[in-house]
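# Analysis of the macromolecular model
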Amino acid sequence: MKPSSEVGNKPISAAVYRKRSSFVSDLMRNHSLYVMFLPVGILLLVFNYLPLAGLIIAFKNYDFARGIFGSPWAQPILNNFDYLLSSDAASRAVRNTILLNGLFIAVGLIFEVGLALMLNEVRNKYFKRITQSITFLPFFISWIVVGVFTYNLLNYENGAINRIVEWLGFQPIDFYSEAGLWPLILTIAIRWKVTGYGTIIYLAALTSIDNSYYEAASIDGASRWQQIRYISIPMLKPTIIILTLLAVGRIMNADFGMFYAMVGDASLLYPTTDVIDTLVYRSLRKSGDIGMASAAGFIQSVVAFVLVLGSNYAARRVDKDSAIF
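Residues numbered from 1 in each chain as written. Predicted model: local features only at pLDDT ≥ 70, side-chain atom pairs only at ≥ 80, totals over all residues. Heavy atoms only, no water.

## A few points about the overall build of the protein
Secondary structure summary: the protein contains 15 helices and two strands in total. Taken against the 2.2 N^0.38 rule, which gives 20 Å for 325 residues, the C-alpha radius of gyration of the protein at 26 Å runs more than 25% over that of a compact globule. Reported as C-alpha extents along the three principal axes, the dimensions of the protein are approximately 95 × 75 × 35 Å. The buried share among the 325 residues of the protein stands at 34%. Within the protein, residue pairs in contact and separated by at least 24 positions form 61% of the contacts whose partners lie at least 6 positions apart. For the protein, the distance from the average position of its 27 positive side-chain charges to the average position of its 21 negative side-chain charges is 10 Å. (Helix = DSSP H or I, 4+ residues; strand = E, 2+ residues; numbered from the N terminus. Rg over C-alpha atoms; globule rule 2.2 N^0.38 Å. Buried < 20%, exposed > 50% of the residue type's maximum accessible area, 1.4 Å probe, protein only. Contact = heavy atoms within 4.5 Å. Lys, Arg positive; Asp, Glu negative; His and termini not counted. Charge placed at Lys NZ, Arg CZ, Asp CG, Glu CD.)

And the structure:
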């Protein structure tokens, strides 16, 4: 019979004792790694976990004078959620957020994987570096600059595109009154800006593939397209699945900077461009209702959590090695 240790009057089993001893020995053996992790752990605690206490604002009538914990509870307790769950504008914003982000994810996957595959096939290293730098550069341009650039292209009176359209003998297009065009415009803008950045991870995954696979395929007579189809793409599948799962987890969080810089307060475009973040910003600017804004963030986080779990479960059913957890 294995002995057990005791702390006070509570016995500790041998298994628990061995587990604690194993942790202490691992801590002593890898102390340098734990010291390196300590600053990151502190940052995670301060900026990711401690602010979770502020979630109670979503259930309170926030009063600046009383603060978070002194403010009275909402009556009824879910009062701050009513606007987001019952308003037509909120329903439209939720729909636009999901559809636009879904479109961005799908198109982004095609463009980023396609560009990575093309760059991987380039043998001239100087051309490859220049091309990669050019496609990566727009990532560092502010959305404010992109918004101004877009306005100068699409402006009805003096926009460059409408000047070309008139020169060709057609009627100019009032882009800022045609809501149906903006999903395409926003997709083009975000692809131009972030495709180069998103390509980096896929390109890194491609460069890590053992070259012997391609050599063996070449000896067997496989063309470059066949090598891409049967070697490169299957090898990229785990990376594609993981990045897609992470993107799905953010599907309820629109890029406020992009939408507000590109669309602003153009109400005629709201049917296809108004998302949760811009709706909450306008509501907060008009009413100052912080409780409602916190409720929106709470809903976004819960839905994102459920989507990540569901997507990860689906990925595990297809290929358990490709799941995140």
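## Some thoughts on the nonpolar core
Judged by nonpolar contacts, the single largest core of 23 residues is most densely connected at Trp143, Trp182, Phe259 and Met262. Only α5 (88–121), α7 (143–154), α9 (182–207) and α12 (256–262) provide two or more residues apiece to this core. Looking at this core, the element that brings in the most residues is α9, giving six residues. Beyond its immediate stretch of four places on either side in the chain, Met262 contacts Trp143, Val146, Gly147, Thr150, Tyr176, Trp182, Ile185, Leu186 and Ala189. Residues Leu119, Ala205, Ile209 and Ala217 belong to the second largest nonpolar core, which totals 16 residues. (Core = buried A, V, L, I, M, F, W, Y, C linked by side-chain atoms within 4.5 Å.)

## Observations regarding the layout of surface pockets
Rolling a probe over the atoms, with the probe sized like a water molecule, indicates the empty space that remains. The calculated volume of the largest pocket comes to roughly 750 Å³. Glu112, Arg191, Val194, Ala247 and Arg250 are the residues nearest the centre of the largest pocket, which is lined by 25 residues in total. Where the lining of the largest pocket is concerned, the elements lending two or more residues are α5, α9 and α11 (224–248). The dominant element in the lining of the largest pocket, judged by the number of residues it contributes, is α9, at eight residues. In terms of residue class, the lining of the largest pocket is made up of 15 nonpolar, five polar and five charged. If you add up the space inside the second largest pocket, you get close to 260 Å³. Along its surface, the second largest pocket is lined by 14 residues, and Thr150, Leu153, Ile185, Ile188 and Ala189 are the ones closest to its centre. Listed by contribution, the elements that provide at least two residues to the lining of the second largest pocket are α7 and α9. (1 Å grid on protein atoms, 1.4 Å probe; cavity = no way out; pocket = protein on both sides within 12 Å on 5 of 7 lines; lining within 4 Å. Points joined across faces, edges and corners; volume = space filled by probe spheres on them. Nonpolar A, V, L, I, M, F, W, Y, C, P; charged D, E, K, R; others polar.)

## Notes on the packing of aromatic side chains
As enumerated under the stated definition, the model contains 16 aromatic pairs in all. Look at Tyr151 and Tyr176: their rings are 5.6 Å apart centre to centre, the planes differ by 55°, and that puts the pair in the tilted class. Of this pair, Tyr151 sits in helix α7 while Tyr176 sits in the loop between α8 (160–167) and α9; the two residues are 25 residues apart in sequence, bridging distant segments of the chain. Here Tyr151 falls in the partly exposed class, since its relative accessible area comes to 43%. (Phe/Tyr/Trp six-rings, centres within 6.5 Å; stacked < 30°, edge-to-face > 60°.)

## Considerations on the packing of α7 against α9
At a closest axis distance of 12 Å, the pairing of α7 and α9 adopts a crossing angle of 130°. Relative to α9, the element α7 is oriented oblique. Judged by the twist between their axes, the crossing of α7 over α9 is right-handed. The segment α7 lies against α9, with Trp143, Val146 and Leu154 engaging Trp182, Ile185, Ala189, Ile190, Trp192 and Lys193. Across the contact of α7 with α9, the residue classes break down as eight nonpolar, no polar and one charged. (Axes fitted to C-alpha atoms, helices over the stretch in contact; angles between N-to-C directions. Parallel < 35°, antiparallel > 145°, perpendicular 65-115°, else oblique. Left-handed = near helix turned anticlockwise from the far one by under 90°.)

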